[in-house]
Amino acid sequence: MGRGKLGTFSVAMTDFDRTLAQLFDEAARRWEAVGLPLGELHAEYADALVELRLIPEADEQARRAVEMLEGQGVQLMAAEAQLRAARLAQLRQDPQAAV
């Protein structure tokens, strides 16, 4: 019985992940339309994923935020994104990536 509930939870999280990704895609289109730096949106998405304990997904978004913000020359926001990525590396127990 417990395995069935866990399986249902896994399916629900997959649906949730898909819905969250769709909402992110819509937000990205809107941010692009008004000229906001998408790197910040990836950073915000990473924060949301951390709250959901989706650490690998959050790490991917945080690293993407760093790349985008550095590429856009938004240094303060890039530094904040680097800190976020380093904290996520610590959570993943990857000290090399945290440096």
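Now for a quick tour of the structure. (Residues numbered from 1 in each chain as written. Predicted model: local features only at pLDDT ≥ 70, side-chain atom pairs only at ≥ 80, totals over all residues. Heavy atoms only, no water.)

**A word on the side chain of R84**
Among the structural elements, R84 can be located in helix 4 (residues 75-91). Here R84 falls in the buried class, since its relative accessible area comes to 18%. (Helix = DSSP H or I, 4+ residues; strand = E, 2+ residues; numbered from the N terminus. Buried < 20%, exposed > 50% of the residue type's maximum accessible area, 1.4 Å probe, protein only.)

**Things to note about the pattern of salt bridges**
Tallying each qualifying case throughout the model produces seven salt bridges. Between E26 and R29 there is a salt bridge, with its nearest N and O atoms 2.8 Å apart. With a gap of three residues between them, E26 and R29 both fall in helix 1 (residues 2-34), about one helical turn apart. Note that R84 is salt-bridged to D47, the shortest N-O span being 2.7 Å. Here the residue R84 occupies a position in helix 4, and D47 occupies one in helix 2 (residues 38-51), the gap between them amounting to 37 residues. Members of the salt-bridge network, linked through shared partners, are D59, R63, R92 and D94. (Salt bridge = Lys/Arg side-chain N within 4 Å of Asp/Glu carboxyl O.)

**Quick notes on the packing of helix 2 against helix 3 (residues 55-71)**
At their nearest, the axes of helix 2 and helix 3 sit 8 Å apart, and the two run at 165° to each other. As far as their axial angle goes, helix 3 and helix 2 are roughly antiparallel. Helix 3 is crossed by helix 2, and the crossing has left-handed handedness. Two secondary-structure elements touch here, helix 2 through L38, G39, E40, H42, A43, Y45, A46, L49 and V50 and helix 3 through I55, E57, A58, Q61, A62, R64, A65, M68 and L69. Residues belonging to the contact of helix 2 with helix 3 are distributed by class as follows: twelve nonpolar, three polar and three charged. (Axes fitted to C-alpha atoms, helices over the stretch in contact; angles between N-to-C directions. Parallel < 35°, antiparallel > 145°, perpendicular 65-115°, else oblique. Left-handed = near helix turned anticlockwise from the far one by under 90°. Contact = heavy atoms within 4.5 Å. Nonpolar A, V, L, I, M, F, W, Y, C, P; charged D, E, K, R; others polar.)

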